Amino acid sequence: MPYTIRPEQGIDVDAESTGYLREHVDTGERWVLNFGPQHPATHTTLRLVLELDGERVARCTPHIGYLHSGFEKLGEHLDYNQYVTIVSRMDYLSPIHNDITWHGAVETLFGIEITPRCKALRTIMNELARIQNHLLCVGAAALDLGAITAFLFAFNPREKIYDICDFIAGQRFHADWTRVGGLMQDLPDEAVFRKLVKDLVNDDLPRAVDEFEGLLNANRIFIDRTQGVGQIGHDEAVAHSLSGPMARASGVKRDLRKDFPYLCYKDNWDNAGAPAVEFKVPIALEGDAYARFRVRVEEIKQSMHIVRQLIDAIPGGPVDTYADAKMVKPPKKDVYGSIEGLIQHFELVMSNRGWKAPVAEAYGCNEGPNGEQGFYIVADGSPRSFRVRTRPACFINYSVMARLTEGHLLSDVPAILGSINVVAAELDR
Amino acid sequence: MPADTKPTLDHPVFKIVKDQFPGKRFRGTEYRGQSTLIVDPADAHEVLAFLRDDASCRYNFLSDLFGIDYLNYPSRTIGRFAVVYNLVSHQRDDRLFVKVFLDPSLPTDGTADDPALYLDSVVDLWPGAEWPEREVFDMFGIRFRNHPDLRRILTWESYPAHPLRKDYPLRGRGEREQYRIVDRTSA
């Protein structure tokens, strides 16, 4: 049962008045609705306190932190390889992407150049992770608006991506696949990997994208409920630090893969003159929930295009940087087969030994499914980082939630929430 | 692994900032091509506004804002706490870190309102700084002047500490065990 505002008791909303409140006279009909933290449309644990004027949102106050688990504090107590297990649980819609970002940042700190084979594999998995994340986002956004079929169409190919993770890392969900200077293991069987990925990007995925685009793109109900909803313009998107599809749907032409290239997005990535992978950065100008949906779908297609370019061009050679660096664990064959390998392995895993990190600070970032995800590492020479800061894309994107919902109807709130694609585990960390 | 070299302090913005503010003190560091400009806390807001608006700097995007606690850090730092602004210029595809050091004047094991741990908020320059500044306040107890709504964001209002400070233990100080339980009769 909703309750009316009692000003004398103080109400749990922001003090500053919003645009909507300035323009609309208080009719005395305002009431407060608590949305979440446990609600099917919040996907995870988020809470919104909505001050409603009839059915219109006059004021929206997001409360977060229900899933805060001290990930950044934990990072100060786990070494550079162990922390990948925590990182992977941040944006858990695409766990491998977090792994790649984290070890990319660590390698920036140590100054390790990973091998071409590792770069190609990481790029492929980075793009599959993006597809994985976008599929859930567009599917769930449709689900919140009542289109359960589209959700199921989107979920089928996601399952195939989990199968690929399972194949390469032995874990479906939290693969924890990267290591400092390489991967936990090389591909168990390259031919099988190629077949799994090709089946996905040439067959299952295009079909699924066609299917749910057919269901949604010209769907009167879906368009009516998303077009013009939760609009944010170019300048405001930049001022609010938005990144990723959120920013690109508002016409901000930014993509870290193009602006600060890394992995295979950079020319000459295999040191033999290979050009950067070719892809386009989709932009929309409307900045509403529908534009965000369209940008995400387009990014899925671009990611498929990137994977197709690389899957037949995975270079041979080792997957770990080993010969020239004392920073990576040697392959198991060397640990059991050579005295040097055994020594290096124990130098890295014994609790009183470990990495000789520089006393320095470095930042590494990766264009994630939800925007710029990065890690700022303060290293103190010990095997554990002194402080590790995540640049959480969801946290910063979600901070515009109040600005997006105010003035809209209550039924638009799930549509906006779905279009931001907030993952509470990364939001609260 | 390449040997650590001496920092190259030739980032063009260092010179621009020095010329623009002749009376102010700046320091610069660099590591693996990433440059950091260190600014005195009193000058931070003015310098950041300049970096955002000046035609040759144009750091129009505040990518991130976060705190660091340097308690017992092996290398000497100017102050115990640091607030770092991660700036990106969209026009020039350049990233610059601006760092401000603060030293506490009161014991740091509680939530005391320390007059030495105050900074000017940059929400007026970048509205996107609102939540990150709240997080810095929540985690480090650094307060921001002129912030529109400085409340804790990840922990609850009555949390008795700022948990990312280095003198706060990993497992907490028993907050989890002494959780106030609200049942139906008292809610």
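Residues numbered from 1 in each chain as written. Chains lettered and ligands numbered in written order. Predicted model: local features only at pLDDT ≥ 70, side-chain atom pairs only at ≥ 80, totals over all residues. Heavy atoms only, no water.

Some words on the overall build of chain B
Reasoning step 1: Counting its regular elements, chain B contains 3 helices and 7 strands.
Reasoning step 2: Mapped in sequence order, the helices and strands of chain B form the string α-β-β-α-β-β-β-β-α-β.
Reasoning step 3: For chain B, the spread of C-alpha atoms along the three principal axes comes to 65 × 35 × 35 Å.
Reasoning step 4: Burial statistics for chain B: of 187 residues in total, 55% are counted as buried.
Reasoning step 5: Of all intrachain contacts in chain B linking residues separated by at least 6 positions in sequence, the fraction that spans at least 24 positions is 53%.
Reasoning step 6: Summed over its atoms, the accessible surface of chain B is roughly 9,100 Å², and 50% of this surface lies on carbon and sulfur atoms. (Helix = DSSP H or I, 4+ residues; strand = E, 2+ residues; numbered from the N terminus. Buried < 20%, exposed > 50% of the residue type's maximum accessible area, 1.4 Å probe, protein only. Contact = heavy atoms within 4.5 Å. Areas by Shrake-Rupley, 256 points an atom, 1.4 Å probe, with all protein chains shown as cover.)

Concerning the overall build of chain A
Reasoning step 1: Looking only at helices and strands, chain A features 18 helices and 9 strands.
Reasoning step 2: In summary, chain A has a C-alpha radius of gyration of 23 Å against a globular reference of 22 Å for 429 residues, a match within 12%.
Reasoning step 3: Judged by the C-alpha coordinates and their principal axes, chain A covers about 80 × 45 × 35 Å.
Reasoning step 4: Within the span of chain A, comprising 429 residues, buried residues form 61% of the whole.
Reasoning step 5: Summed over its atoms, the accessible surface of chain A is roughly 15,900 Å², and 54% of this surface lies on carbon and sulfur atoms.
Reasoning step 6: One finds the centroid of the 46 positive side-chain charges in chain A at a distance of 3 Å from the centroid of its 58 negative side-chain charges. (Rg over C-alpha atoms; globule rule 2.2 N^0.38 Å. Lys, Arg positive; Asp, Glu negative; His and termini not counted. Charge placed at Lys NZ, Arg CZ, Asp CG, Glu CD.)

A word on the pattern of salt bridges
Reasoning step 1: Taken as a whole, this structure holds 46 salt bridges over all chains when the rule is applied.
Reasoning step 2: Close ionic contact of Glu 159 of chain A with Arg 172 of chain A constitutes a salt bridge, the shortest N to O distance being 2.8 Å. Taken as a pair, Glu 159 of chain A in helix H6 (residues 148-169) and Arg 172 of chain A in the loop between H6 and strand S5 (178-179) lie far apart in primary sequence, 13 residues in all.
Reasoning step 3: In this structure, Asp 53 of chain B engages Arg 52 of chain B in a salt bridge whose closest nitrogen and oxygen atoms are separated by 3.0 Å. (Salt bridge = Lys/Arg side-chain N within 4 Å of Asp/Glu carboxyl O.)

Description of the sheet that holds strand S9 (residues 385-391) of chain A
Pairing between the strands of a sheet comes from backbone hydrogen bonds, and it takes one of two forms, parallel or antiparallel.
All names here are of chain A.
Reasoning step 1: Strand order in the open sheet formed by 3 strands is S7-S8-S9, and the pairing between neighbours is antiparallel. In this open sheet, the two edge strands, each paired with only one partner strand, are strand S7 (361-368) and S9. Strand-to-strand twist of the sheet, defined as the mean angle between neighbouring strand axes without regard to direction, takes the value 15 degrees.
Reasoning step 2: Here 6 bridges tie strand S8 (residues 371-379) to S9, and the two strands are oriented antiparallel to one another. By the bridge assignment, Ile 377 is partnered in S9 with Val 388. (Pairing = 2+ DSSP bridges. Axes fitted to C-alpha atoms, helices over the stretch in contact; angles between N-to-C directions.)

Brief notes about the confidence of the model for chain A
All names here are of chain A.
Reasoning step 1: Summarising the model, chain A shows a mean pLDDT of 84, and 92% of its residues fall at 70 or more.
Reasoning step 2: Within chain A, strand S1 (residues 3-4) has the poorest average pLDDT of any element, 38, and S8 the best, 92.
Reasoning step 3: A low-confidence stretch, residues 1-17 stays under pLDDT 50, and its non-local contacts, those more than four residues away or across chains, total 29 contacts. (pLDDT = per-residue confidence, 0-100.)

Focus on the side chain of Asp 64 of chain B
Reasoning step 1: As for its placement among the helices and strands, Asp 64 of chain B is situated in strand S3 (residues 61-69).
Reasoning step 2: You can call Asp 64 of chain B buried: its relative accessible area is 2%.
Reasoning step 3: Within polar-contact distance, the side chain of Asp 64 of chain B engages the side chain of Arg 389 of chain A at 2.8 Å.
Reasoning step 4: Apart from the residues within four sequence positions on either side, Asp 64 of chain B is in contact with Arg 389, Thr 390, Arg 391 and Ile 396 of chain A together with Val 84, Tyr 85 and Asn 86 of chain B. (Polar contact = N/O pair within 3.5 Å; in protein donor to acceptor, adjacent residues only side chain to side chain.)

Observations concerning empty space enclosed by the protein
Reasoning step 1: Applying the stated criterion across every chain, the model contains 4 cavities of 30 Å³ or more.
Reasoning step 2: Approximately 140 Å³ is the volume found for the largest cavity.
Reasoning step 3: Lining the largest cavity are 17 residues, and of these Ser 243, Arg 254 and Glu 372 of chain A together with Phe 61 and His 90 of chain B lie nearest its centre.
Reasoning step 4: Listed by contribution, the elements that provide at least two residues to the lining of the largest cavity are helix H10 (245-248) and helix H11 (256-259) of chain A.
Reasoning step 5: Across the lining of the largest cavity, the residue classes break down as 7 nonpolar, 3 polar and 7 charged. (1 Å grid on protein atoms, 1.4 Å probe; cavity = no way out; pocket = protein on both sides within 12 Å on 5 of 7 lines; lining within 4 Å. Points joined across faces, edges and corners; volume = space filled by probe spheres on them. Nonpolar A, V, L, I, M, F, W, Y, C, P; charged D, E, K, R; others polar.)

Notes on helix H1 (residues 12-20) of chain B
Residue and element names in this part refer to chain B.
Reasoning step 1: Among all positions in H1, only Val 13, Phe 14 and Val 17 are buried. Burial along H1 is one-sided: seen end-on, the buried residues are contained in an arc of 105 degrees. Away from the buried face of H1 by more than 90 degrees, exposed residues Lys 15 and Asp 19 are located.
Reasoning step 2: On its buried side, H1 packs onto strand S1 (26-31), strand S2 (34-39), helix H2 (44-53) and strand S5 (94-102). (Arc of directions from axis to C-beta.)

Let's talk about a nonpolar patch on the surface
All names here are of chain A.
Reasoning step 1: A surface patch of nonpolar side chains, amounting to about 510 Å² of accessible area, comprises Ile 339, Leu 342, Ile 343, Phe 346, Val 349 and Met 350.
Reasoning step 2: With respect to the element layout, Ile 343 can be found in helix H14 (residues 339-349).
Reasoning step 3: Under the relative-accessibility criterion, Ile 343 is labelled partly exposed at 48%. (Patch = residues over 30% accessible without salt bridge, like charges linked within 9 Å, V, L, I, M, F, W, Y side chains within 5 Å.)

Quick word on the packing of helix H7 (residues 190-216) of chain A against helix H12 (residues 289-311) of chain A
All names here are of chain A.
Reasoning step 1: Where H7 contacts H12, the axes come no closer than 11 Å and their chain directions differ by 160 degrees. Classified by the angle between their axes, H7 and H12 sit roughly antiparallel to one another. Crossing angle aside, the handedness with which H7 passes H12 is left-handed. Mapping the contact onto sequence places Phe 193, Arg 194, Val 197, Lys 198, Val 201, Asn 202, Leu 205, Pro 206, Val 209, Phe 212, Glu 213 and Leu 216 in H7 and Phe 293, Val 297, Ile 300, Lys 301, Met 304, Val 307, Arg 308 and Ile 311 in H12.
Reasoning step 2: Class assignment for the residues of the contact of H7 with H12 results in 14 nonpolar, 1 polar and 5 charged. (Parallel < 35°, antiparallel > 145°, perpendicular 65-115°, else oblique. Left-handed = near helix turned anticlockwise from the far one by under 90°.)

Observations concerning the nonpolar core
Reasoning step 1: With 73 residues, the main nonpolar core has Tyr 398 of chain A together with Val 17, Leu 51, Leu 65, Tyr 85, Leu 87 and Ile 142 of chain B as its most contacted residues.
Reasoning step 2: Element by element, the count of residues in this core is highest for H2 of chain B, at 6 residues.
Reasoning step 3: Filtering out sequence-adjacent residues up to four positions away, Leu 87 of chain B remains in contact with Leu 48, Leu 51, Tyr 59, Phe 61, Leu 62, Asp 94, Arg 95, Leu 96, Val 98 and Trp 126 of chain B.
Reasoning step 4: In terms of nonpolar packing, the next biggest core, distinct from the first, is built from 56 residues, Ala 142, Ala 150, Ile 168 and Tyr 262 of chain A among them. (Core = buried A, V, L, I, M, F, W, Y, C linked by side-chain atoms within 4.5 Å.)

Considerations on the sheet that holds S2 of chain B
All names here are of chain B.
Reasoning step 1: Strand order in the open sheet formed by 5 strands is S1-S2-S5-S4-S3, and the pairing between neighbours is mixed. At either margin of the open sheet sits one strand with a lone partner, and together these are S1 and S3. Strand-to-strand twist of the sheet, defined as the mean angle between neighbouring strand axes without regard to direction, takes the value 20 degrees.
Reasoning step 2: As paired strands, strand S4 (residues 81-89) and S5 are joined by 9 bridges and run antiparallel to one another. The residue bridging Ala 82 from the neighbouring strand is Phe 101, located in S5.

What to know about the packing of aromatic side chains
Reasoning step 1: For the coordinates displayed, the defined rule picks out 26 aromatic pairs over all chains.
Reasoning step 2: Pairing Phe 21 of chain B with Phe 26 of chain B gives two aromatic rings, centres 6.2 Å apart and planes at 55 degrees, and the pair type is tilted. Of the two residues examined, Phe 21 of chain B and Phe 26 of chain B, each falls in the buried class.
Reasoning step 3: A cation sits over an aromatic face here: Arg 95 of chain B above Phe 260 of chain A, 5.2 Å from the ring centre. (Phe/Tyr/Trp six-rings, centres within 6.5 Å; stacked < 30°, edge-to-face > 60°. Lys NZ or Arg CZ within 6 Å of the ring centre and 35° of its normal.)

A look at the layout of surface pockets
Reasoning step 1: One number sums up the size of the largest pocket: a volume of about 1,500 Å³.
Reasoning step 2: Lining the largest pocket are 43 residues, with Leu 154, Thr 155, Trp 156, Tyr 159 and Tyr 179 of chain B positioned closest to its centre.
Reasoning step 3: Contributions of two or more residues to the lining of the largest pocket are made by strand S4 (56-63) and helix H2 (71-75) of chain A together with helix H3 (130-140) of chain B.
Reasoning step 4: It is H2 of chain A that provides the largest number of residues to the lining of the largest pocket, a total of 4 residues.
Reasoning step 5: Split into classes, the residues belonging to the lining of the largest pocket amount to 17 nonpolar, 9 polar and 17 charged.
Reasoning step 6: Here the second largest pocket is characterised by a volume of approximately 910 Å³.

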